[in-house]
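Examination of the molecular architecture
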Amino acid sequence: PAQIHLRDYTPWPWEVTRTELTFRLDPDATRVTSRLSLRPRPGAAPAPFFLHGEELALLSARIDGIPVSPSVTPEGLTCAVPDGPFTFEAEVEIAPAANTALEGLYMSNGVYATQCEAEGFRRITYYPDRPDVLAPFDVRIESDAPVLLSNGNPGASGPGWAEWHDPWPKPAYLFALVAGDLRAVRDRFTTRSGRAVDLAIWVRPGDEDRCAWALESLKASMRWDEERYGREYDLDIFNIVAVDDFNAGAMENKGLNIFNSALVLASPDTATDSDYERIESVIAHEYFHNWTGNRVTCRDWFQLCLKEGLTVFRDQEFTKDLRSAPVKRIEDASLMRARQFREDGGPLAHPVRPESFVEINNFYTITVYEKGAEVVGMLKRLVGDDAWRRGCDLHFDRHDGQAVTIEDWLSVFEEVTARDLAQFKRWYSQAGTPRVSVSEEWDGTHLTLTFRQSTPPTPGQPEKAPLVIPFAIGLLHPSGAELLPTTVIELTATTETRRFDAAALAAAKGLDTARPVASLNRDFSAPVIVDRPRTTEENAFLLAHDTDPFLRWDAGRDLARAVLCDRATGAAADDGAYLDGLAAVLEDPALDPAFKAQVLALPSEDDIAQTLADRGLPPEPLEIRAAGETQRDRIAARLGDLLARTHDASATPGPYRPDAASAGRRALAGASLALLSRRDGGALARAEFAAAPDMTRSLAALSALLSVGAGAAELAAFEARWRHDRLVMDKWFALQVVRAAPAEAAATARRLIGHPLFTWTTPNRVRSVMGSLAGNAAGFHHPSGAAYDLYTEGLLTLDARNPQTAARLSTAFETWRRYAPDRQAAIRHRLDRIAATPGLSRDLGEMVGRMLG
Ligand code: BAL
Ligand code: ZN
C-alpha cells in the first residue's frame, strides 16, 4: 500500500460552497443523496476532478442536473467537469448494519451512528474527504426512528423526517448523524454573552439516570473555556450521544459529539472514581475541540497534533483547575513514561508531526496526543502565561474558519514574543525521547551543573539535532530548606553549564555552607529521561523534603524501582530506605490522600522491564512479577499497622460524592486494602466487598481478593448481579484477566472469549479481554507462548471485522526487541504469521510491517 507524504501536500483545486445531503435510512440499503456546490479555487492548477469514495454503490450522478457516468475505482470517482462553478449530485447506497469496522455510517444496538474522523466520510458518499475542504452542511434525514440528529441547529421536521443546518463551514470528518430510539437528559447553559444553549445527552432508554455527571462536566467545561480562553459556544444546541460500539473514546463532531457510552454514563453503583474523572476530562476534551479542532482545523492529517496535542493540553489544565494539579501532573507524567517513552523508543516511534503514513488511523497515538500536549506545555512555559494567552487569542482570530499547520500555530507565538521558534519546532519533527545527563561539580561554595542532551536514533531518523528544553530545577540545603526555588533553565546546546553560588544562597537564609541536593526536571517540565542516577540517600532526602510534589513522588518511585530491579535480577535488595520513606509519607497529615495513593503504588511491570532493558539486561517478566509480589508482601508485613490505620482514616462515610478529595481518600483506602489483604488472606476485602456502597469500593475489594488468589465466590456474585449491564461487565471481564496468575492468564482470557457475553463486534468488550491480557505482562509473556498464540488468533479474528481496533491492539508486541533471543524469536514468529495472512487490512498490515522493521 502507498505511503502518503507530508511533502506532497497540494490544496484541492475546487472549493465546496455548500453541501446538501439527504439520508433515507435503512439497515441494509441506506440511500444517500448528495448535492455539492463547487467552484474552482482561484489560482488552482488544472487537475482531474476526483472524489473519495469506498464501499459505495453508485446509483446515479449528475453535473448541473445532467446525468454523467464517472469512472469509479475502489478509492473514488473521477469525472470531467466544467471550468466554472457547477453542482455535482450523486446517489449512493450503503449498508450500515453490515459495517463492523465502525467507520462511516454503522449501527449499534439498533441506533444509526457515524464515525468520520479520519477518513470515514468516504464510506458515506463521494466527497473531497480531506480536512482542508470546508463547507456549510444542510442535512435531511428520513427514517421512522424517533430521534434524528445531525450537526448544527435543528431545522424543519415532521413525522419520519428532520432537517439540520450547520452554518459553520466544516470538513467532512466532523460530520455526524444519529438516528434511533434514544432518550434525552436535558439542561441549559447561558454563555457569558447571554446566548441560551440547549444541552442534551442522548442515551438508550433506561440509561437516563446515568447522565448527571456528564452534564455537570459539560457545563463546567463550557464555563472554563470562557474564563480561561475567552471561547464561547456558537450554536443553539449541543448534543452528546452515547453509543456502545465505538472504536475510540469519543468524537468532537460539530454540535453533535458521539461518545463511547463508557465515557458518558456514570452512577455511583456502576462507575468508579477513575471513570468519573475520565468522563469529566473527555467531555471537556471533546467540548474544547469546538475551538481547537473545529473552528480552527488541520490542513492535512500530518497536522493532527495541532488539534490533539493542544486539546489534550487544555483538558489537562481543566483537570488541574478542578482537581489536584500535582496529582494530575503525576498521572500525566506516569502515562508518558509508561506508554509514550515505550512507543518513542521502539519500532513504532514517530514524530509528534509524522511525515508519512499508510493508514492515518494508525497515528492517533500517545505520541501525537500526549507528547503533543507536552510540547504545547513546554511552549507555554517558554513564552510565559501572558504571551501564551495573547498567542492563543491571535491564533483563534487569525485562523477562524481555516485549516492550518504547525507553522501557522508557531508563527503567532513568534509574533507576540518576537522570539525565534525554529529550534523549538524540532519537537514536532524529531522522534525519540531525549536524554539529559547531568553531572555535578562542588568546589566548596559553588555547584556547577553540566547538562548534556542527546536523542537516540529512531526509525528513519538516524541523526538528531539539539532541542530547546525548558528544564526546571531547584536546589535544597541538606537541612531540607530550599536554597533555589524552581528555576527554568533553557537548554539549547548539546552541552550547557550553569554555576550556582550555593554558599551565598545558604547565607541569605542563615544556613551554613554545604553541598546542596539538586532537584531536576521539576514538575516534569520537559518529557525527557534525566540521566543522573540518584543515590538511595538522595532519593530518600528528596522524597522527604522536596517542595515539588512531582519530584517527591518521583524520588519514591526511584527507590521502588531500584529495589524491584535488584529483586528481578537476583541481586541483593535493600528496601529499608524505601519502606521508611513510605511510612513517613503515610504518616504525614499535610499530604493529600490522592498523592499518598500515588506514592504507595509500585512502578508498573513494564516500567521495570524498560529500566532493565535500558541497562542492557533482557527483562524476564516472571521474575519482575515475583519481585513485585515479594515487595508487596514486605510492605504489608512492615507497614501493616500503619496501613490499617491509613485505611480506616480514609473512610468516606455518607453518600458517594465524585469530588477529587473524596476520590483521593477512596484511592488511598483501596491501595491500603490491597496490601492488607496480603496479611489477612483477604478477610477485610471480603467484608468490604459484601458491604460495598458503590462500584469504586466493590471493585477495589474484588481486585484485592483476586490479587491474593481468592475471590471466586465474589466474582460469581458480581457476575450474577451485573450480567445485564454491559459497562460493568466490561470491568468483570477485564479484572479477571489483569489479576490472573501468569500461567493462567491465557487460559482465563480464552475461557472469557467463550463466555456468552463476549463478542468481537463491541470494541469495549474486546479490549476488556485482549487489552487486559496485554496489560498482564507476566501472563502475556509467559514462556508457554499460550498468550502469544491467543493474542495472534484474536488479532486476526478482529482484523476481519474491525481493522482499526485490531491495529491498535497489535501494539502489545511493540516491545519485542527488548527481550532475550528466545522470546524475541517467539514473538517474531507470531508477527510473521500475521504479516503472511492473506487479506490482512491496511491498518494491521502497516503496524506489523513497522514492528518487524
Ligand atoms: N478526534 C478524535 C477523538 C478525539 O481526540 O477527541
Ligand atoms: Zn481530541
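Our structure's up above, just so we're on the same page.
Calculation criteria
- Residues numbered from 1 in each chain as written.
- Chains lettered and ligands numbered in written order.
- Predicted model: local features only at pLDDT ≥ 70, side-chain atom pairs only at ≥ 80, totals over all residues.
- Heavy atoms only, no water.
- Core = buried A, V, L, I, M, F, W, Y, C linked by side-chain atoms within 4.5 Å.
- Buried < 20%, exposed > 50% of the residue type's maximum accessible area, 1.4 Å probe, protein only.
- Contact = heavy atoms within 4.5 Å.
- Helix = DSSP H or I, 4+ residues; strand = E, 2+ residues; numbered from the N terminus.
- Axes fitted to C-alpha atoms, helices over the stretch in contact; angles between N-to-C directions.
- Left-handed = near helix turned anticlockwise from the far one by under 90°.
- Nonpolar A, V, L, I, M, F, W, Y, C, P; charged D, E, K, R; others polar.
- Donors = N, O, S within 2.8 Å, 3.2 Å for Na, K, Ca; no water.

Concerning the nonpolar core
- Grouped together as the largest cluster of nonpolar side chains are 158 residues, with contacts concentrated most on Phe-88, Phe-175, Trp-388, Trp-409, Phe-424, Tyr-428 and Phe-471.
- In this structure, Trp-409 is in contact with Leu-306, Leu-310, Leu-379, Trp-388, Cys-392, His-395 and Tyr-428, ignoring residues within four places of it in sequence.
- Of all hydrophobic cores here, the second largest spans 54 residues; its members include Val-766, Val-769, Leu-796 and Leu-831.

A short note on unusual backbone geometry
- The peptide bond linking Glu-117 to Ala-118 adopts the cis configuration, its omega dihedral lying at 0 degrees.
- Even without being a glycine, Asn-109 presents a positive backbone phi close to 50 degrees.
- A relative accessible area of 48% means that Asn-109 is categorised as partly exposed.
- At Asp-523, a residue that is not glycine, the phi angle is positive and equals roughly 55 degrees.
- Here Asp-523 is to be found in the loop between β30 (517-520) and β31 (529-531).
- Residue classification places Asp-523 among the partly exposed residues on the basis of a relative accessible area of 25%.

Topic: the packing of helix α18 (residues 695-707) against helix α19 (residues 712-722)
- Close contact between α18 and α19 brings their axes to 10 Å; oriented N to C, the two are set at 145 degrees. Judged by the twist between their axes, the crossing of α18 over α19 is left-handed. Residues Met-695, Ser-698, Leu-699, Leu-702, Leu-705 and Leu-706 of α18 touch α19, and the partners they reach there are Glu-714, Leu-715, Phe-718 and Trp-722.
- Taken together, the residues that form the contact of α18 with α19 break down as 8 nonpolar, 1 polar and 1 charged.

Looking at the coordination of the zinc ion (ligand 2)
- Within the protein, the atoms that donate to the zinc ion (ligand 2) are His-285 (NE2), His-289 (NE2) and Glu-308 (OE), at distances of 1.9 to 2.1 Å.
- Here His-285 falls in the buried class, since its relative accessible area comes to 7%.

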